[in-house]
Amino acid sequence: MDYSMEDTQNSAPEAQQANKLHTSGQKTDTQSVTKRLQAELMQLMLSPSPGISAFPDADGNLLSWTATITGPTETPYEGLILKLSFEFPNNYPYSPPTVLFKTPIYHPNVDFSGRICLDILKDKWSAVYNVSSVLLSLQSLLGEPNNASPLNAQAAELWDSDQAEFKRHVLARHQDLDDE
Amino acid sequence: MSLSKPTWNHFGPHQHFLEKQNPVDFYRHALSSSFLSPVALSLSAAFSHPISSNSANMNALSADEMERFQKLSNTYQPEVQGPLVSTKQSSHSIAMDYSNADPTLATKTNALAITHPDCRIMKGDGNCGWRAVAFGYFETLFTLRDTLRIETEIRRMKSLTTLLERVGLSDSIYEIFVDATEEVLNRIHAAIQNGAQDESFLVEAFNEGYSSDAIITHFRILTSAWIKLHPHRYQSFLPMPLDQYCSSRIDPVKSEIDEVGLQALIDGVIEGSGFGVEILYLDRSEGEVVTPHLLSSNRPSGATIRLLYRPGHYDILYPVENTLNMAPIVNLQYGMTSDYSQWDQTLGFDVNSSLMAIPNLMQDTPYGMGAPMSPMPSVSPTPASPFRMSPQQDMYQSSMPNHAPIPSIPVSPPQIAPSAAPPPMTSLPSRSSDGPQIRLNPLVMKPNLSRSLPVTTPFKNSPYNQAHFQNSEFEPIHWEPHDRR
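Computed from a prediction, not measured in an experiment: that's the story for all the values here. (Residues numbered from 1 in each chain as written. Chains lettered and ligands numbered in written order. Predicted model: local features only at pLDDT ≥ 70, side-chain atom pairs only at ≥ 80, totals over all residues. Heavy atoms only, no water.)

### Remarks on the overall build of chain A
To keep things clear, this is the line we draw: Helix numbers and strand numbers start at the N terminus; a helix is a DSSP run of H or I with at least 4 residues, a strand a run of E with at least 2. Each residue is placed in one exposure class: buried if its accessible area under a 1.4 Å probe, protein chains only, is under 20% of its type's maximum, exposed if it is over 50%, and partly exposed if it falls in between. In what follows, a contact means two residues having at least one pair of non-hydrogen atoms within 4.5 Å. Here, Shrake-Rupley sampling with a 1.4 Å probe gives the accessible areas, and only protein chains in the shown set may cover a residue.
What chain A contains, in helices and strands, is five helices and four strands. Its helices and strands taken in sequence order, chain A reads α-α-β-β-β-β-α-α-α from the N to the C terminus. Considering chain A as a whole, with its 180 residues, one finds that 42% of them fall into the buried category. Here the contacts in chain A between residues at least 6 apart in sequence split such that 57% fall between residues at least 24 apart. If you sum the accessible surface of chain A, you get close to 9800 Å²; carbon and sulfur atoms cover 53% of it.

### Here we look at the pattern of salt bridges
What counts, and what does not: By definition, a salt bridge exists where a carboxyl oxygen of Asp or Glu is found within 4 Å of a side-chain nitrogen of Lys or Arg.
If you walk through the whole model with that rule in mind, you get 15 salt bridges over all chains. Between E40 of chain A and R36 of chain A there is a salt bridge, with the nearest N and O atoms lying 2.8 Å from each other. Of this pair, E40 of chain A and R36 of chain A both sit in helix 2 (residues 30-46), four residues apart, which is roughly one turn of that helix. Note on accessibility: E40 of chain A and R36 of chain A belong to one class, buried. Across the salt bridge formed by R310 of chain B and D315 of chain B, the nearest N and O atoms sit 2.6 Å from each other. Residue R310 of chain B shares its accessibility class with D315 of chain B, and that shared class is buried. In this structure, a network of salt bridges that share partners links the residues R120, E139 and E199 of chain B.

### Side note on the environment of T147 of chain B
Residue and element names in this part refer to chain B. If you trace the backbone, T147 turns up in helix 9 (residues 147-159). For T147, a relative accessible area of 23% corresponds to the partly exposed category. Separated by 43 residues in the primary sequence, T147 and A190 place their C-alpha atoms 8.7 Å from one another. With near-sequence residues (within four places) excluded, T147 lies in contact with H189, I192 and Q193.

### With respect to the sheet that holds strand 6 (residues 313-318) of chain B
Residues and elements named next belong to chain B. Going by this rule: Two strands qualify as a pair provided DSSP detects at least 2 bridges between them. Only C-alpha atoms enter the line fits that serve as axes; for helices the fit covers just the stretch in contact. Angles between N-to-C directions range over 0 to 180 degrees.
Strand order in the open sheet made by the six strands is 1-2-6-5-3-4, with mixed pairing throughout. In this open sheet, the two strands that pair with only one neighbour each are strand 1 (89-90) and strand 4 (291-294). Across four bridges, strand 3 (residues 276-281) lies against strand 4 in antiparallel orientation. Each bridged residue has a counterpart across the sheet, and for I279 the counterpart in strand 4 is H293. Taken strand by strand, helix 8 (residues 128-144) contacts strand 2 (118-120), strand 5 (304-310) and strand 6, and its axis lies near 20 degrees from that of strand 6.

Okay, here's the thing in structure tokens:
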């Protein structure tokens, strides 16, 4: 039997990691990313949408933001303040930002580390989306979870079977984060 | 067997049996190899990682490691090689890619290399179709070298912005994309004024990831808006509601263009420039040439973007230029002849493979041997289509150094009974087999003549020479009753 194939497989990931390192060192246009993010910030400040806000972190790095969503009325999250973090890649907006819930949240499409399952933050990301449209999508996700692909299966089940119990879980998990 | 020397062989089934003196080891290896096999790809990273270099660890990957490998596996993307947009290169490279593939594809790509001698390869990163059309658009503009036309295009591209507004995009969003397109148009304008020699500046611009992405996004959002504003034209071709189609197939970065998207891109963005867009489909359908399809209502002309479509991928093609014929000179008379049965019956040709070592001998054979001019019925009466030239392709490729073996195409040997159907033109014998075969005039076989091979120039001005049908300048002489000549 010939194992040469297995040997190539064995070495492949290492070579690939090296490639990845190489590509991350490619020419990136930070100026364009900065320009775009500044325009978004301006837009958010001039015409704020109700229930959402976002601002770059205090460290002067425009590539990481903190955002808040107010839980929409008539949902289990009504009145709750939810904090999120945005990390923008060097080729934003041609790759999606990494968005995490910082506030502990009980939701079918969010896991216990705050990671979010939302198609527009992954393969359906488009360069016309921005911070504001992502926050609005997340806000509507709070009231309309996608129970077909849950990250938190128990939450998905409860959402369908027992809304009162679901809300108890939401409130039990929620903790207001202090401003840092 | 030492556990401190982990190599792949330890996991091979043969090794297990050779070294099963230690039952614990054997069990451990059997376990690890069966455990590994279904996820070999994602887990193979383990062996290159120092932590896991001791193979004893293989059985008990910690949850953290498992998670890390799962993450590696999830984010795995095949590394696509090459630039986003390549420089212009010979289409022979495409033909060589297919030389060992299905004979249909080999025949078609060989014919393609004649009709479209140059190509430009797009990186297969999901944007290739969008990038090919966008690059083709800018390059065509540059090729025309008409600054007025570029000014018109700058105005037109800006006016298309109303489409974006009508579908509710805010200018803060689309501004950077429109700017990227405008900047390239301005660069083309400047390049023409500065008398730039070639389009290398454009290739460079398209290989800058960020501006390349911005232009493609501009074309995407224009297409998306165009579809939304013309639902009646597109909805019936879509498998889903129109808005959902746009947000899942057109807008997302790196979503490949499909037929509807391509048509909409051409209708909405390219059509107004007056450029034609032609697609040549390379597939295994019947025929000897790729299937051309015109996607624009603009007729093919000098200002036509030509794309090669292979399932899932688009590249740009450049046809033979009329003004400057880049194709190697070949004797077209040879290509015109497709029926040798006449020669078999009247001349009793023989086969002499040693003579075939002389590269260009075949080209002039029917006439060079002093064959009578009269039997022309075998020649196709229609002017040869430029696509039907694959045999010559084989001929001059054979004289190229380092050429990959030409795919063996089934050939009916000439020794078959003369009444049998003549071999079709594509059935040139394979050079990789026992050498080419040809029927030669018996005179050639005579010793005194074999040293001085007949190299008669073809009767270029003969009325029987149909080669001039290939000439775009050709006009048949019309006899006029008043013409006194």
